[in-house]
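A closer look at the structure
Residues per chain, in single letters:
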Amino acid sequence: MRILLLIIGVLSASLVQAGGLLIVVSNKVPDNKISLEQLANIYTMKKVFWKNNIRVVPINHKVASEERKRFSKVVFNLSPKEVGDYWNRLRYEGKLPPVIQASDQAVLGFVRKVPGAIGYINANQKLTGVKILLRLP
Amino acid sequence: MRNTLLLVVLAQFGLMFPSPCQAEDYEIGQGWHSGNYYLSGYASIEAVDRFGAPARLDLGDLSLFAGGRISQWANPFMEVEFSRQTLIRQGGGIVHGDWIVERFYNDMILSEHDTLRVGKILTPLGDWNQVHAAPLVPLVTRPYTAARGFETYASGISWMHDLEDGSSPDFQLYWQPDTEWFKRPASQTVRNFRNVIGVHLNLPLGLVDKIGASFQHGKLVESGERYTLYGFNANLSFGNLKLEGEAIRAHFSGAVLPGTAQVRSTETGFFALADYTVTPEWHGILAGEYYQDHMVDGSSRIISLAVNYKPSLPMVWKLEYIYQAGVPASFALVDTGLKGSFSLLF
């Protein structure tokens, strides 16, 4: 059983490595592209509104997920734990850190439902009802 | 009466009666979210062995913070804390804790870069005062430099400005026209302040690295003195090594009321800390502080050696040895001894 879980873990990690990540937003977000710096500003809670004054709602994966490891490395060049320390400080300062969703499907569901939501998912997902702003390696 | 007031406040925030259909997942360390509202907090248990005094086990803090992101104009936040309750004391005797409203404010977002905050806030003076929750700081013992010489809470109005591209320093201006709201009991603070104004400049150098400068001017309630304080703080990272430091210099003038004694007109403190990440879980910490209170003849000199163990993001175990010299015991809030703690964000 452990070996099977290990194989599944390695395979899922490989999938993230191979396809990269897509940055997806609700169709109600006016932007059609985003830079890596703007993405970092969103996930550090410095950018809180889209151009049409809809509030930005960033979404995270769970801290142990391969997607979050990849995202933390590419966007911040840090481990999920280091970025998590930063978000814990933000929470204490009264700012709401990114909402956590457990899977790509949950992220997509949240993005479709919440107008200002932005999240990252594996590039191999089928997409409907969302926009792609950026592809991360 | 105080507990009833808190219940009313929580009910006004809508936190006590959330709609069940809005319920979302709770995860330890991440808090609980429901629609536009969230609830989070932390707890800290501390074992203290001051050499020459009875050892004790305390509930250092049980803190609950709640907030909402309702609209551009309504973003309330509050933190309520139960603090310093003795659980066990060598030889008996218990010190009962106090309920404290640490923060209670509303943010009005004026623009992408400007926020108006009204209510009771932590004053932005240095870094430690703004983020001093036990799971988020490396030492059990808070430095004098980050707590003693200035108003740590401001009750009034504050304007925060920050540019997302970091092209100029962030700043926060604040004004407390009178005294502290939800005043803390005497067991929790030795000084009270009134008519406080201040500003903090912050230059971010990365996600966590920064340099800051602070100014505060106000009046001490107990002595009637006026004071003007300048502060400096820095957080810098070099690979696995994180350095942080704070310094303050305050000048006191004016009336000194009976029962108080001004030994000198200035108060000075500086504090430096090195935190080395041995593994993601284990940290070794060395800190030093010098503090010269304007009402005390001698200065305090403190060296701390600590180990942090962080088995997961929301929890931390700490063990700390403190050596303190140079100040009469009646003044020393920090004595030579050992401290250990377990802290958890929830």
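On a predicted model such as this, the values are computed, not experimentally measured, just so you know.

1. As for the overall build of chain A
The helix and strand tally for chain A stands at five helices and five strands. Listing each helix as α and each strand as β along chain A from the N terminus yields α-β-α-β-α-α-β-α-β-β. In chain A, which comprises 137 residues, the proportion classed as buried is 34%. Residue pairs in contact within chain A that sit at least 24 positions apart in sequence constitute 67% of those at least 6 positions apart.

2. Quick word on the overall build of chain B
Scanning chain B from terminus to terminus reveals one helix and 18 strands. Residue burial in chain B is summarised as follows: out of 346 residues, 36% are buried. Residue pairs at least 24 apart in sequence account for 56% of intrachain contacts in chain B once pairs closer than 6 positions are excluded.

3. Concerning the confidence of the model for chain B
Residue and element names in this part refer to chain B. Looking at chain B, pLDDT values average 88 and 89% of them are 70 or higher. The low-confidence segment residues 1-23 (pLDDT under 50) makes 24 contacts with residues lying over four places distant or belonging to another chain. Reported for the predicted complex are a pTM of 0.85 and an ipTM of 0.79.

4. A few points about the interface of chain B and chain A
Across the contact, 21 residues belong to chain B and 21 residues belong to chain A. Breaking the side of chain B that touches chain A down by element, the ones donating at least two residues are strand E2 (31-34) and strand E3 (37-50) of chain B. Across the side of chain B that touches chain A, the residue classes tally to 10 nonpolar, six polar and five charged.

5. Quick notes on helix H3 (residues 66-76) of chain A
Because an α-helix completes one turn every 3.6 residues, residues spaced three or four positions apart along the sequence face the same direction. Turning to H3 of chain A, its buried residues number three or more, namely Glu67, Arg68, Arg70, Phe71, Ser72 and Val75 of chain A. Asn77 of chain A sits one or two residues past H3 of chain A and shows a positive phi near 55°.

6. Looking at the sheet that holds strand E1 (residues 21-26) of chain A
Residues and elements named next belong to chain A. Pairing is mixed across the open sheet formed by five strands, whose spatial order is E3-E2-E4-E1-E5. The two strands at the open ends of the sheet, each matched to only one other strand, are strand E3 (99-100) and strand E5 (130-136). Where E1 lies against E5, six bridges are found, and the strand directions are antiparallel. Within the sheet, the bridge partner assigned to Leu21 lies in E5 and is Leu136. Strands in contact with helix H5 (residues 104-113) are E1, strand E2 (57-60), strand E4 (117-122) and E5; relative to E4, the strand with the most contacts, it is inclined by about 155°.

7. Observations concerning the nonpolar core
The biggest cluster of nonpolar side chains holds 25 residues, and the ones touching the most others in it are Met78, Ile121, Ala154, Tyr227, Leu229 and Ala250 of chain B. For Leu229 of chain B, the contacting residues outside a window of four places in its chain are Gly149, Phe150, Gln216, Ile248 and Ala250 of chain B. Membership of the second largest hydrophobic core comes to 21 residues, among which are Ile23, Val24, Tyr43 and Phe71 of chain A.

8. Thoughts on the confidence of the model for chain A
In this model, chain A carries an average pLDDT of 85, and 87% of its residues clear a pLDDT of 70 or more. Confidence drops under pLDDT 50 across residues 9-16 of chain A; counting only partners more than four residues distant or on other chains, this segment forms eight contacts.

9. Some details on the pairing of strand E9 (residues 170-176) of chain B
Residue and element names in this part refer to chain B. Examined bridge by bridge, strand E8 (residues 153-161) and E9 share five bridges and lie antiparallel to one another. When the sheet's bridge partners are listed, Met160 is paired in E9 with Gln172. Two strands pair when backbone bridges link them, and E9 and strand E10 (residues 193-204) are joined in this way by seven bridges, in the antiparallel orientation. Residue Gln176 lies in a different strand from E10, and its bridge partner there is Val196.

10. A short note on the pairing of strand E11 (residues 210-220) of chain B
Residues and elements named next belong to chain B. Relative to E11, E10 is paired through 10 bridges, and the arrangement is antiparallel. When the bridges of E11 are listed, Gly198 appears paired with Gln216. The loop that links E10 with its antiparallel partner E11 comprises five residues; one of these, Gly206, has a positive phi angle of about 160°. Note: E11 against strand E12 (residues 225-238), 10 bridges, orientation antiparallel.

11. What about H5 of chain A?
Residue and element names in this part refer to chain A. Looking only at H5, the buried set comprises Asp104, Val107, Leu108 and Val111. Summarising the axial view, the buried residues of H5 lie within an arc of 95°, below the 170-degree limit, and thus occupy one face. In this structure, H5 carries Gln105 and Lys113 as exposed residues pointing more than 90 degrees from its buried face. If you follow the buried residues of H5, they end up packed against E1, E2, E4 and E5.

12. Description of unusual backbone geometry
Most of the time, phi is negative for any residue but glycine, and the peptide bond is trans. Residues and elements named next belong to chain A. Phi is positive for Met45, close to 65°, though the residue is something other than glycine. Inspection of the secondary structure assignment puts Met45 in the loop between helix H2 (36-43) and E2. You will see that Asn77, though not glycine, has its phi angle at about 55°, which is positive. Note that Asn77 resides in the loop between H3 and helix H4 (80-92).

13. A look at the environment of Ile303 of chain B
Residue and element names in this part refer to chain B. Along the chain, the position of Ile303 falls in strand E16 (residues 300-312). On the neighbour-count criterion, Ile303 (14 C-beta atoms within 10 Å) is partly exposed. It is 9.2 Å that separates the C-alpha atoms of Ile303 and Thr336, two residues lying 33 residues apart in sequence. Not counting chain neighbours up to four residues away, the residues in contact with Ile303 comprise Gly288 and Tyr323.

14. Considerations on the environment of Val316 of chain B
For Val316 of chain B, the position within the fold is in strand E17 (residues 315-325). The residues touching Val316 of chain B, leaving out its near neighbours within four places in the chain, are Pro135, Asn308, Lys310 and Ser343 of chain B.

Cut-offs and rules
- Starting from 1, residues in each chain are numbered consecutively following that chain's sequence as written.
- The lettering of chains begins at A and the numbering of ligands begins at 1, in the order of writing.
- The predicted nature of this model means local features are confined to residues of pLDDT at least 70 and side-chain atom pairs, given and counted, to a pLDDT of 80 or more, with totals for whole chains, interfaces and linings taken over all residues.
- Helix numbers and strand numbers start at the N terminus; a helix is a DSSP run of H or I with at least 4 residues, a strand a run of E with at least 2.
- The burial criterion counts other C-beta atoms lying within 10 Å of a residue's C-beta, which is placed from the backbone; the residue is buried at 20 or more, exposed at 12 or fewer, and partly exposed between these limits.
- Any pair of residues counts as being in contact when their C-beta atoms, constructed from backbone geometry, are within 7 Å of one another.
- Note on scores: pLDDT gives the predictor's confidence for each residue, bounded by 0 and 100.
- Under the scheme applied, nonpolar residues are Ala, Val, Leu, Ile, Met, Phe, Trp, Tyr, Cys and Pro; charged residues are Asp, Glu, Lys and Arg; polar residues are all the others, including Gly.
- Two strands qualify as a pair provided that DSSP identifies no fewer than 2 bridges between them.
- Note on geometry: axes are C-alpha line fits, over the in-contact stretch for helices, and angles between N-to-C directions span 0 to 180 degrees.
- One nonpolar core equals one set of buried Ala, Val, Leu, Ile, Met, Phe, Trp, Tyr and Cys residues connected by C-beta atoms within 7 Å.
- In this description, one arc is meant: the one made by directions from the helix axis to the C-beta atoms.

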